[in-house]
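Chain residues, written in single-letter form:
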Amino acid sequence: MRKLKNSELNRLSVDEFKSSQKTSLIVILDNIRSLNNIGSVFRTSDAFLIEKIYLCGITAKPPHKDIHRTALGSTESVAWEYREDTLELVKELQENGVKVASIEQAENATMLHEFTPEKTNTYAVVFGNEVKGVQQAVVSASDYVIEIPQFGTKHSLNISVSTGVVLWDVFRKLVL
């Protein structure tokens, strides 16, 4: 087996990405502290043709060298917007028919592998602060709470890892 060269990967240009059909999936970052995590979320969102990223609360915004370092240019391809209040954004999206899912460990959460999105809906997935998680008010307002099953001693994943796991799983259920 031979590794592919970059020239063989059929990468989209930024203009091609912007004009391409997007996955009916929105990412909301609720008070993320780490600039590297933010950049990683942009990069993963680019990989799965995510519709938009909302940066909320204390979440930093591009351009920033530490975001750019891990985003590798995806802040130019993926649409994004800053919103101060995550809960207000969630309510606004819901009013526009978007189904909101907080990614959190909570009572009666749906395990990720048991979550079955409807292909006719648009979904927004909320990822929370590295220490405190998604704000309780946002969890309470969400249409779904989805938990990533974990079986070791830590029961905690880095937000960039959680984003990769969730976006891949929901993407394959919606698109593939």
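Before reading on, note that the structure itself is shown above.
Residues numbered from 1 in each chain as written. Predicted model: local features only at pLDDT ≥ 70, side-chain atom pairs only at ≥ 80, totals over all residues. Heavy atoms only, no water.

Peer 1: Please explain the nonpolar core as it appears in this structure.
Peer 2: As a rule of thumb, nonpolar side chains are buried together in soluble globular proteins. Core analysis: the largest hydrophobic core is formed by 30 residues, its most contacted members being Val27, Leu29, Ile53, Val125, Phe127 and Val166. Residue assignment for this core shows that the elements contributing at least two residues are strand 1 (23–30), helix 2 (35–47), strand 2 (50–56), helix 3 (65–71), strand 4 (99–103), strand 6 (123–128) and helix 7 (159–174). Broken down by element, the residue count for this core peaks at 6 residues, all from helix 7. In this view, Val27 contacts Val41, Ser45, Ile50, Lys52, Ile53, Tyr54, Val125, Phe127 and Leu167; residues no more than four positions away in its chain are not counted. Among the nonpolar cores identified, the runner-up in size contains 16 residues, and Ile26, Val98, Val138 and Val145 belong to it. (Core = buried A, V, L, I, M, F, W, Y, C linked by side-chain atoms within 4.5 Å. Buried < 20%, exposed > 50% of the residue type's maximum accessible area, 1.4 Å probe, protein only. Helix = DSSP H or I, 4+ residues; strand = E, 2+ residues; numbered from the N terminus. Contact = heavy atoms within 4.5 Å.)

Peer 1: I keep staring at the pairing of strand 7 (residues 144–147) and nothing clicks. Help me out?
Peer 2: Strand residues, when the strand is regular, have side chains that alternate between the two faces of the sheet. Bridge analysis of strand 4 against strand 7 gives 3 bridges, and the strand direction is parallel. Note on strand 7: the bridge partner recorded for Ile103 is Ile146. By the bridge criterion, 2 bridges tie strand 5 (residues 110–111) to strand 7 in an arrangement that is parallel. When the sheet's bridge partners are listed, Thr110 is paired in strand 7 with Ile146. (Pairing = 2+ DSSP bridges.)

Peer 1: Hey, could you run me through helix 7 in this one?
Peer 2: Residues three or four positions apart in an α-helix share a direction because the helix packs 3.6 residues into each turn. Between its first and last C-alpha atoms helix 7 spans 22 Å; for 16 residues at 1.5 Å apiece the expected length is 22 Å, and the two agree. Considered for burial, the residues of helix 7 that qualify are Ile159, Ser160, Ser162, Thr163, Val166, Leu167, Asp169, Val170, Phe171, Lys173 and Leu174. Tucked into the core, helix 7 has its buried residues touching strand 1, helix 2, strand 2, strand 4 and strand 6. (Expected span 1.5 Å × (residues − 1).)

Peer 1: Help me understand the pairing of strand 2 in this model?
Peer 2: Of all 7 residues in strand 2, 5 are buried; the element is thus mostly enclosed. When strand 1 meets strand 2, the two strands line up parallel, connected through 6 bridges. Across the sheet, Ile28 pairs through a bridge with Tyr54, a residue of strand 2. Taken together, strand 1, helix 2 and strand 2 constitute a β-α-β crossover, and its handedness is right-handed. Pairing of strand 2 with strand 3 (residues 80–83), which is carried by 4 bridges, proceeds in the parallel orientation. Its bridge partner lying in strand 3, Cys56 is registered against Arg83. (Right-handed = clockwise from strand over helix to strand, strands pointing away.)

Peer 1: Is there a simple way to explain the side chain of Asn129 in this structure?
Peer 2: Checked against the element boundaries, Asn129 lands in the loop between strand 6 and helix 6 (136–141). Looking at Asn129, the relative accessible area reads 14%, which means it is buried. With residues up to four places along the chain from it excluded, the contact list for Asn129 reads Asp30, Asn31, Ile32, Arg33, Ile58 and Val134.

Peer 1: How should unusual backbone geometry be read in this particular structure?
Peer 2: For residues other than glycine, phi is negative in most cases, and the peptide bonds are mostly trans. With omega at -5°, the peptide bond leading from Pro62 into Pro63 counts as cis. A positive phi angle, near 45°, is found at His155, a position not held by glycine. Positionally, His155 belongs in the loop between strand 7 and helix 7. Among the residues examined, His155 registers a relative accessible area of 39% and is labelled partly exposed.

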